[in-house]
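# Survey of secondary and tertiary structure
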Amino acid sequence: MARIERLVILGGGTAGWMTATALSKTLGPTVAIDLLESDAIGTVGVGEATIPTIHWFNDLIGLDEAEFVRATKASFKLGIEFVDWARPGHRYFHPFGRYGVDFGHVPFHQCWLKGASDGGTAPLSAFSLATQLAAANRFAKPSSDPGSILSTLGYAYHFDASLYAAHLRGLAEASGVVRHEGQLGLVERDPATGFVTALTTDRGKRLAGDLFIDCSGFRSVLIGDELGAKFEDWSHWLPCDRAVAVPCVRAAETTPFTRSTVRSAGWQWRIPLQHRTGNGYVYSSSFISDDEAVATLLANLDGEALAEPRQLRFKAGFRRETWVKNVVAIGLSSGFLEPLESTSIHLIQSGIAKLIALFPNSDCDPALARQFNDLFGRDMDDIKDFLILHYHATKGHTAPLWEYTRTMTLPDSLIEKEAQYRRSGRLMLSSDALFREASWLAVLNGQGIVAADHSPIADTLDAAANRHQLDQLAAIIARAAPTLPKHDAVIAALIGRAVA
Ligand SMILES: Cc1cc2nc3c(=O)[nH]c(=O)nc-3n(C[C@H](O)[C@H](O)[C@H](O)COP(=O)(O)OP(=O)(O)OC[C@H]3O[C@@H](n4cnc5c(N)ncnc54)[C@H](O)[C@@H]3O)c2cc1C
């Protein structure tokens, strides 16, 4: 069977350049890669917070961390602080990495639940070094020594989205990707197979290919308009459909975490970078006007706004068929889940990883597409449930959006997960779910959902010994946190100059 020789990417946003960089690194000179993008159309230009899976991508493309942090004005991220979500006046932290350590064969969270039922133990946050570091604006990288408490850490980055795409573009072009400027004019298809054979630009350039990657953003030009892949609408569960974004002057200290604060018709993000702070209000247009949303955002900044607010529109949902014939959609063209848990860039990577694993011959065996679509669909379904949990498990918010999300009908899969945790303290997750036990525990516990029991396996531990171990663990974390460096000092040491 003939191998793929020419690959064409439509779109040069974060998805287009991540795909171009990863595929050129992986495939080498055996496959020629063309990328078509339009300066006139532009990119979404937001997407500044990531999760730890970003390290997989950075390793794949051989990214030098210092060069990357310098080029994209990045800061480190230990997790997300959720303000007012569980109820007004409350805050909790969803950390990366792990809580505590397992006690022998008993998972940590079961030891903690047992400790709580045997007369009480410290709050969950006391068992997360990442949470303690974030609270003190400190940062450290994970240790590979399993005996060190630092091994429980995990981290990701905040970066400037446009600088990131530009940085990747430099890397991709250096490894042979050819960029073409212009808007898509014509899509040529093989009348017998329906495969796309070439894209012609409005400037008359013809880009022939064996495989086409649709990175055209929300426009979904190839997978949606041309191939007709249907959009599954999830806005009844995730009703936010707009955002307004604005950067402001940076705070005195760069915090190593994203903050998400509840507002009347949605929530506001705060993402600290070296040179500025990114802010945005994600809201539902059914419950607030654009003007009110802008006014709310501008009234809740750390300091002076540095640009005019930018409006963005979207709809929660995705296409169950993200690979059709010889077109694979990666990025916003495949679907979108709002940025509450910073998952979009992860989903781009996840699409790239699946495409590499299932890389086809020129016949694009439909079985590969089915597998890709099935795996991608599972990713989306799992993440969707996790996001809905945040909106649903709230108290004390009387604004109509929050009344709606608190009482809406939930997906069966989430009802089962939540009910099982309430009943038995068990976290029923599939083995390939992105958000693991620590993340579900952070949000369930953070949003006030209490487990009535723990696993019988935890009862194999002596109650007093278990509580003693928990006390010791919390003490180790409390002692370690103040000895670790300030976040700004870690960035300055890495990039070889002081943070502005
Ligand atoms: C409000 C908001 C906040 C977000 N925050 C985060 C976050 O914190 N973390 C995170 O991981 N993700 C976040 N995201 C998602 C993230 O921004 C996107 O996943 C990421 O930018 C990828 O976008 P894209 O490349 O798919 O699309 P785009 O950036 O829209 O790029 C589309 C590309 O296609 C080209 N194009 C389109 N049509 C044509 C045509 N006809 N001819 C030629 N070229 C064409 C455009 O020129 C452009 O180059 C956020 C998204 C939104 C909306």
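Residues numbered from 1 in each chain as written. Predicted model: local features only at pLDDT ≥ 70, side-chain atom pairs only at ≥ 80, totals over all residues. Heavy atoms only, no water.

Axes are the key here: two packed helices are described by the angle between their axes and the distance separating the axes. Where helix α10 (residues 366-392) meets helix α13 (residues 437-446), the closest approach of the two axes is 10 Å, and the angle between their N-to-C directions is 20°. With respect to α13, the element α10 is oriented roughly parallel. Here α10 runs over α13; the crossing is left-handed. In this structure, α10 uses D385, F386, L389 and H390 to contact α13, whose residues at the interface are S439, W440, V443 and L444. For the contact of α10 with α13, the residue count by class is 5 nonpolar, 2 polar and 1 charged. (Axes fitted to C-alpha atoms, helices over the stretch in contact; angles between N-to-C directions. Helix = DSSP H or I, 4+ residues; strand = E, 2+ residues; numbered from the N terminus. Parallel < 35°, antiparallel > 145°, perpendicular 65-115°, else oblique. Left-handed = near helix turned anticlockwise from the far one by under 90°. Contact = heavy atoms within 4.5 Å. Nonpolar A, V, L, I, M, F, W, Y, C, P; charged D, E, K, R; others polar.)

In the vicinity of the ligand lie 35 residues, with G12, V44, V46, A49 and I345 positioned nearest. A distance of 3.4 Å separates an oxygen atom of the ligand from a polar backbone atom of C215. In the model, an oxygen atom of the ligand is placed 2.9 Å from a nitrogen or oxygen of the L332 main chain. Its free accessible area being 1000 Å², the ligand has 97% of it covered by the protein chains. For the shell around the ligand, the secondary structure elements donating two or more residues are α1 (14-27) and α9 (344-357). Looking at which element gives the most residues to the shell around the ligand, the answer is α9, with 3 residues. When grouped by side-chain class, the residues that make up the shell around the ligand number 17 nonpolar, 15 polar and 3 charged. (Near = heavy atom within 4 Å. Polar contact = N/O pair within 3.5 Å; in protein donor to acceptor, adjacent residues only side chain to side chain. Areas by Shrake-Rupley, 256 points an atom, 1.4 Å probe, with all protein chains shown as cover.)

The topology assignment puts L129 in helix α5 (residues 129-135). Considered as a pair, L129 and L301 are 172 residues apart in the sequence and their alpha carbons are 28 Å apart. Beyond its immediate sequence surroundings of up to four residues, L129 is in contact with I149, L150, T152, L153, I477, A480, A481 and L484.

Examined against the element boundaries, D214 turns out to sit in strand β11 (residues 211-214). Buried within the structure, D214 lacks any salt-bridge partner; its nearest side chain of opposite charge belongs to R319, at an N-O separation of 6.9 Å. Filtering out sequence-adjacent residues up to four positions away, D214 remains in contact with L10, S220, V221, L222, I223, V327, V328, A329, I330 and S333. (Buried < 20%, exposed > 50% of the residue type's maximum accessible area, 1.4 Å probe, protein only. Lys, Arg positive; Asp, Glu negative; His and termini not counted. Salt bridge = Lys/Arg side-chain N within 4 Å of Asp/Glu carboxyl O.)

As a further point, take the pattern of salt bridges. Taken as a whole and judged by the stated rule, the model has 30 salt bridges. Notably, a salt bridge pairs R276 with D160, separated by 3.1 Å at the nearest N-O pair. Of this pair, R276 sits in the loop between β15 (266-272) and β16 (277-283) while D160 sits in the loop between β6 (156-158) and α6 (161-174), placing them 116 residues apart in sequence. By relative accessible area, R276 is classed as buried at 13%. A relative accessible area of 7% places D160 in the buried class. For the salt bridge of R378 with D432, the shortest nitrogen-to-oxygen distance reads 3.2 Å. Taken together, the residues span a long stretch of sequence, with R378 in helix α10 and D432 in the loop between α12 (412-424) and α13 at a distance of 54 residues.

Strand order in the open sheet formed by 3 strands is β12-β18-β21, and the pairing between neighbours is antiparallel. In this open sheet, the two strands that pair with only one neighbour each are β12 (231-233) and β21 (335-336). Bridging between strand β18 (residues 317-319) and β21 involves 2 bridges; their strand directions are antiparallel. What sits directly across from G317, in β21, is F336. (Pairing = 2+ DSSP bridges.)

Turning our eyes to something else, we now look at the domain arrangement of the protein chain. Here the protein chain is partitioned into domain 1 (6-74 + 159-234 + 317-381) and domain 2 (97-151 + 411-483). Relative placement of domain 1 and domain 2: their C-alpha centres are 37 Å apart. Between domain 1 and domain 2 lies a buried interface of about 480 Å² when both sides are counted; carbon and sulfur atoms form 57% of it. Three residues stand out in domain 1 for area buried against domain 2, namely E65, E341 and R378, and they jointly supply 50% of the buried area on that side. (Domains from an automatic or database assignment. Buried area = accessible area lost by both parts, 1.4 Å probe.)

On any regular strand, side chains alternate: one points to one face of the sheet, the next to the other face. The buried fraction of strand β14 (residues 258-263) is high, at 5 of 6 residues. Of the pairings in the sheet, the one linking strand β4 (residues 79-83) to β14 comprises 4 bridges and is parallel in character. Across the sheet, residue V83 finds its bridge partner in β14, namely T261. Bridge count for β14 against β15 is 5 bridges, and the pairing is antiparallel. Residue R263 lies in a different strand from β15, and its bridge partner there is G266. As consecutive antiparallel partners, β14 and β15 are separated by 2 residues.

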